[in-house]
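Architecture and fold: a report
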Amino acid sequence: MIDTGTVGKTRDVGWQIGVSTTLPYPIDAVWSLIVGDPSLWLGAGSEIPHDKGVQWQSDDGTTGELRSRHESDRVRLTWRPSTWSHDTTVQVAVQATPAGTVLRFHQERLAGPGERQQQRGHWQAALARIERALERSTGTA
């Protein structure tokens, strides 16, 4: 339930942010890229586990644990940069549409409005990196 007095804050998961875009590519291409090259959104050196509860880490020290993975649908995991004192939960999801594929990032349990704004920029940049990678891989750049 949304706290109507504060945009981005809920009673259940605290501060959250969501960003999305529709990409003009088939869902299989988008899914393959986000799970095959998670460095585009999780950081260099990262790999997405297949099994719930398995830990992951990127080269910059960001860590987490896989919560769920549903092929060609979504990945849900905890996400904690090395400079943070708390875990957050990130979900990346794909959905086929007539125009291509909607790609969504949603992050919850953020520390406050400043962190929410910071993460908005982080996920918007990740969407841009993914779109550029798709353009390169399909020759549409």
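See above for the structure.
Please read all numbers here as calculations on a predicted model, not as lab measurements.

1. Structural notes on the pairing of strand β7 (residues 100-110)
Of all eleven residues that make up β7, eight are buried, and the element is covered over most of its length. Two elements, strand β2 (residues 14-23) and β7, share nine bridges in a ladder whose sense is antiparallel. Bridge assignment links Thr-21 to a residue of β7, and that residue is Leu-103. In this structure, the hairpin formed by strand β6 (residues 88-97) and β7 is closed by a connection of two residues.

2. Looking at the side chain of Thr-62
Within the secondary structure layout, Thr-62 lies in the loop between β3 (55-57) and β4 (63-70). At 2.8 Å, the side chain of Thr-62 forms a polar contact with the side chain of Asp-60. Not counting chain neighbours up to four residues away, the residues in contact with Thr-62 comprise Trp-56, Gln-57, Trp-79, Arg-80, Pro-81 and Ser-82.

3. Notes on unusual backbone geometry
For Ser-72, which is not glycine, the phi dihedral falls at a positive 60 degrees. Within the secondary structure layout, Ser-72 lies in the loop between β4 and β5 (74-79). Accessibility expressed as a relative area gives 33% for Ser-72, which makes it partly exposed. Notably, Arg-109 is not glycine yet its phi reads approximately 70 degrees, a positive angle. Summarising the element assignment, Arg-109 is placed in strand β7. Exposure remark for Arg-109: the relative accessible area of 44% places this residue in the partly exposed category.

4. Quick notes on the nonpolar core
Nonpolar side chains in soluble globular proteins generally cluster together in the buried interior. If you look at the biggest cluster of nonpolar residues, it comprises 33 residues, and the most contacted ones within it are Ile-34, Trp-41, Leu-103, Phe-105, Trp-123 and Ile-130. Within the residue set of this core, elements represented by two or more residues are β2, α1 (27-36), β5, β6, β7 and α2 (113-138). Once residues within four sequence positions are removed from consideration, Phe-105 is found in contact with Ile-17, Gly-18, Val-19, Trp-41, Gln-91, Val-92, Trp-123, Ala-126, Leu-127 and Ile-130.

5. A word on the packing of aromatic side chains
In this structure the tally under the stated criterion is four aromatic pairs. Taking the centre distance of 5.4 Å and the plane angle of 80 degrees together, the rings of Trp-79 and Trp-84 count as edge-to-face. Note on accessibility: Trp-79 and Trp-84 belong to one class, buried. Judged by centre distance (4.8 Å) and plane angle (15 degrees), the rings of Phe-105 and Trp-123 are stacked. With a gap of 18 residues between them, Phe-105 in strand β7 and Trp-123 in helix α2 connect regions that are remote in the sequence.

Cut-offs used in this document
Residues numbered from 1 in each chain as written. Predicted model: local features only at pLDDT ≥ 70, side-chain atom pairs only at ≥ 80, totals over all residues. Heavy atoms only, no water. Buried < 20%, exposed > 50% of the residue type's maximum accessible area, 1.4 Å probe, protein only. Helix = DSSP H or I, 4+ residues; strand = E, 2+ residues; numbered from the N terminus. Pairing = 2+ DSSP bridges. Polar contact = N/O pair within 3.5 Å; in protein donor to acceptor, adjacent residues only side chain to side chain. Contact = heavy atoms within 4.5 Å. Core = buried A, V, L, I, M, F, W, Y, C linked by side-chain atoms within 4.5 Å. Phe/Tyr/Trp six-rings, centres within 6.5 Å; stacked < 30°, edge-to-face > 60°.

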